[in-house]
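# What the coordinates show
The chain contents come next:
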Amino acid sequence: MNKPRRLSRLVLKLAAVAAAMVPALAVAPGASATQQEMAAPPNVLTCTTDTDGYWGHAHCTNNTGVVTAFRVKVVCGEWPDARGDWKTLNPGASDVSSARCFGGTGVGSVNWEEG
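Think of each chain on its own: its residues are numbered from 1, step by step along the sequence as written. Totals for whole chains, interfaces and linings use all residues, but because this is a predicted model, local features are given only for residues with pLDDT of at least 70 and pairs of side-chain atoms are given and counted only at 80 or more. Excluded from the side-chain calculation are hydrogens and water; included are all heavy atoms of the structure.

So, about the overall build of the chain. Per the convention used, a helix needs a DSSP run of H or I reaching at least four residues, while a strand needs a run of E reaching at least two, with both numbered from the N terminus. Looking only at helices and strands, one finds one helix and seven strands in the chain. Reading the secondary structure of the chain in the N-to-C direction produces α-β-β-β-β-β-β-β. Residue burial in the chain is summarised as follows: out of 115 residues, 21% are buried. Contact between two residues is taken to exist if any of their heavy atoms lie within 4.5 Å; hydrogens are not considered. Considering only intrachain contacts with a sequence separation of at least 6, the fraction spanning at least 24 residues in the chain is 62%. In short, Shrake-Rupley with a 1.4 Å probe defines the accessible areas, and a residue's cover is counted only from the protein chains shown. For the chain, the exposed surface amounts to about 8000 Å²; the carbon and sulfur share of it is 60%. Burial classes follow relative accessibility: with a 1.4 Å probe on protein chains only, a residue under 20% of its type's maximum area counts as buried, one over 50% as exposed, and anything between as partly exposed.

Have a look at this one:
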């Protein structure tokens with residue numbers, strides 16, 4: 001008779017812990033997304049991207065009055081993702097950042113990050 005009671009107590013404790021975690025898990029992703037949106041500055045560059053299968057390119061123009069930098073981010077299929085060199089753009093300047101997938105199935109997507 002002791003074993004069923006121990007199991008019951010354990011089950012009740014686990015259920016209580018799970019019930020306590022559900023509200024925290026439901027709120028956390030939304031809260032963190034809001035914080036990320038608030039922390040991330042708006043894009044200041046005008047960029048286009050292209051690929052030829054294994055290379056990804058970001059062509060960016062700085063349309064603001066401040067110096068900013070960017071680099072390309074390439075998602076590679078079945079291979080580690082690639083990042084291009086940082087390029088610094090003066091106001092009104094344009095440049096290209098490129099990165100290559102050295103294996104796998106090639107480029108899955110191309111984007112850029114500002115910094």
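Here the focus is the sheet that holds strand E6 (residues 94–100). By the convention used here, strands pair only if DSSP detects at least 2 bridges between them. If you walk across this open sheet you meet the three strands as E1-E2-E6, and the pairing is antiparallel. Each of the sheet's edge strands pairs with one partner strand only, and the pair in question is strand E1 (45–51) and E6. With direction set aside, neighbouring strand axes in the sheet form an average angle of 20 degrees. In terms of strand pairing, strand E2 (residues 55–62) meets E6 through seven bridges, oriented antiparallel. Bridged to Ala 58 within E6 is Ser 97. Axes, fitted as lines to C-alpha atoms, cover a helix only where it is in contact. Angles between the N-to-C directions of the axes lie from 0 to 180 degrees.

Glancing now at the pairing of E1. Of the pairings in the sheet, the one linking E1 to E2 comprises seven bridges and is antiparallel in character. Residue pairing across strands places Thr 49 opposite Ala 58, the latter belonging to E2.

This part covers the state of the cysteines. Cysteine pairs can be linked by a disulfide, which is a covalent bond between their two sulfur atoms. To count as a disulfide, a pair of cysteine sulfur atoms needs to be within 2.5 Å. Taken as a whole and assessed by the stated rule, the structure comprises two disulfides. Between the sulfur atoms of Cys 47 and its disulfide mate Cys 60 the distance is 2.0 Å. Handedness of the Cys 47-Cys 60 disulfide follows from its S-S torsion of about 115 degrees: it is right-handed. Taken together, the residues span a long stretch of sequence, with Cys 47 in strand E1 and Cys 60 in strand E2 at a distance of 13 residues. The burial state of Cys 47 is the same as that of Cys 60; both residues are buried. Each disulfide pairs two cysteine sulfurs, and for Cys 76 the partner residue is Cys 101, the sulfurs being separated by 2.0 Å. Negative torsions about the S-S bond denote left-handed disulfides, and the value of about -85 degrees found for Cys 76 with Cys 101 makes this one left-handed. On the criterion of sequence distance, the pair formed by Cys 76 in strand E3 (residues 68–77) and Cys 101 in the loop between E6 and strand E7 (106–114) is long-range, its members being 25 residues apart. The residues Cys 76 and Cys 101 share a single accessibility class, namely buried. By sequence order of its bonded cysteines, the chain has the disulfide arrangement 1-2, 3-4.

What follows deals with the nonpolar core. The nonpolar side chains of soluble globular proteins are, as a tendency, buried together. Among buried residues, the Ala, Val, Leu, Ile, Met, Phe, Trp, Tyr and Cys ones that are joined through side-chain atoms within 4.5 Å form a nonpolar core. Counting residues in each nonpolar core, the largest one holds 14 residues, and the members touching the most others are Leu 45, Cys 60, Phe 70, Val 72 and Val 74. Contributing elements (two or more residues each) for this core: E1, E2, E3 and E7. Tallying contributions element by element places E3 first for this core, with four residues. Residues within four places of Val 74 in sequence aside, it is in contact with Gly 56, Asp 81, Ala 82, Ala 99, Cys 101, Val 107 and Ser 109.

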